[in-house]
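Chain residues, written in single-letter form:
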Amino acid sequence: MYKVSLLPNHYILQNQARKRKDKLLKISLVVMCTLFAVYAASVILHTAVKNEFRTLQKENKRVLEEISELEYLSALNNDINAIYNRAKTAVGNNPDWNKLIVDIGNSTPETIGITNMELSYEGGNGTGKIKGLALDHSTVSAWLETLNELIEITDVRCSFLTQTQESADDLVQFEITMKLRPGSGYMITRR
């Protein structure tokens, strides 16, 4: 099958050139529309990022203003720390006297009577002396072991003084000496 055209040759060439021109125009239009869409999207994205940046700058400025308004709290905290350190230095590392006396009292057997108790702590050295009466030596020995187990006390020693006669019972008179460990010092109570 042959294709025969009766149109003049220059008209056919013009028609082919017009079709190529139309095709190129359509391709250029599509490319231009695509480029315009990319440009519009980048402008919108840039505007959104710029607005977010401005919002962050405003927020940063507000936070910096709040921080500058609260600087007095830093000075107040420094004053509190200075007072706390002075109080800690003034109190030192004394043992917790309430706990120590309660622990000694709770560890004392019923058959022992304490007649005198002296506890002192000065310059990092703590000493204690307990005088009392007991029914027998074994009760005092058992109590010494209990005292040795207390955290606040070290180096417990006992000396027996005399046996006394009170109300028809033989009582053993003893004197216990001990060293006291330093306490934790002053602590702020937390609520």
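The structure presented is a predicted model; accordingly, all values stated were derived computationally and were not measured.

Analysis parameters
Residues numbered from 1 in each chain as written. Predicted model: local features only at pLDDT ≥ 70, side-chain atom pairs only at ≥ 80, totals over all residues. Heavy atoms only, no water. Buried < 20%, exposed > 50% of the residue type's maximum accessible area, 1.4 Å probe, protein only. Helix = DSSP H or I, 4+ residues; strand = E, 2+ residues; numbered from the N terminus. Arc of directions from axis to C-beta. Expected span 1.5 Å × (residues − 1). Salt bridge = Lys/Arg side-chain N within 4 Å of Asp/Glu carboxyl O. Pairing = 2+ DSSP bridges. Core = buried A, V, L, I, M, F, W, Y, C linked by side-chain atoms within 4.5 Å. Contact = heavy atoms within 4.5 Å. Patch = residues over 30% accessible without salt bridge, like charges linked within 9 Å, V, L, I, M, F, W, Y side chains within 5 Å. Areas by Shrake-Rupley, 256 points an atom, 1.4 Å probe, with all protein chains shown as cover. Phe/Tyr/Trp six-rings, centres within 6.5 Å; stacked < 30°, edge-to-face > 60°.

A. A look at helix α3 (residues 97–107). For α3, the set of buried residues is L100, D103, I104 and S107. The buried side chains of α3 occupy one side of the element, clustering within an arc of 95° when seen end-on. Across α3 from its buried face, at more than 90 degrees, point the exposed residues N98 and N106.

B. Layout of helix α4 (residues 137–148). Between its first and last C-alpha atoms α4 spans 17 Å; for 12 residues at 1.5 Å apiece the expected length is 16 Å, and the two agree. Of the residues making up α4, those classed as buried are T139, V140, W143, L144 and L147. Viewed end-on, α4 has its buried residues packed into an arc of 140°, placing them on one side of the element.

C. Layout of the pattern of salt bridges. Tallied over the entire structure, the rule returns 8 salt bridges. With a closest N to O distance of 2.3 Å, E59 and R62 form a salt bridge. Placement of both E59 and R62 in helix α1 (residues 9–69) is noted, with a separation of 3 residues, approximately one turn of the helix. Note on E59: relative accessible area 38%, which makes it partly exposed. Because the salt bridges share partners, they merge into one network encompassing E59, R62 and E66.

D. Region of interest: unusual backbone geometry. Phi at D155 takes a positive value of approximately 50°, unusual for a residue other than glycine. Relative to the helices and strands, D155 resides in strand β3 (residues 153–166).

E. Highlighting the pairing of strand β2 (residues 125–134). Pairing of strand β1 (residues 112–122) with β2 involves 10 bridges; the strand directions are antiparallel. Pairing of E118 across the sheet is with K129, part of β2. Taken together, β1 and the strand that follows it, β2, pair antiparallel across an intervening segment of 2 residues, in which G123 is found at a positive phi of about 60°.

F. The nonpolar core, seen in detail. Judged by nonpolar contacts, the single largest core of 16 residues is most densely connected at I104, W143, L147, I153 and I176. Listing elements by their share of this core, those giving two or more residues are α3, β2, α4, β3 and β4 (169–180). Aside from chain neighbours lying at most four places away, what touches I153 is L100, I104, L147, N148, M178, K179, L180 and R181.

G. Quick peek at the environment of F174. Following the sequence through the fold, F174 ends up in strand β4. In this structure the C-alpha to C-alpha distance between F174 and E52, which are 122 residues apart in sequence, comes to 84 Å. When neighbours within four sequence positions are excluded, F174 is seen to be in contact with I112, I130, K131, G132, L133, A134, V140, W143, C158, S159, F160 and L161.

H. Representation of a nonpolar patch on the surface. Taken together, L70, Y72, L73, L76 and I80 make up a surface patch of nonpolar side chains, about 480 Å² in accessible area. Its location among the elements puts L76 in helix α2 (residues 71–91).

I. Broad picture of the packing of aromatic side chains. One pass over the full model with this rule turns up 1 aromatic pair. Ring plane angle 75° and centroid distance 6.2 Å describe the contact between W143 and F174, whose orientation is recorded as edge-to-face. Placement of the pair is W143 in helix α4 and F174 in strand β4, with a sequence separation of 31 residues.

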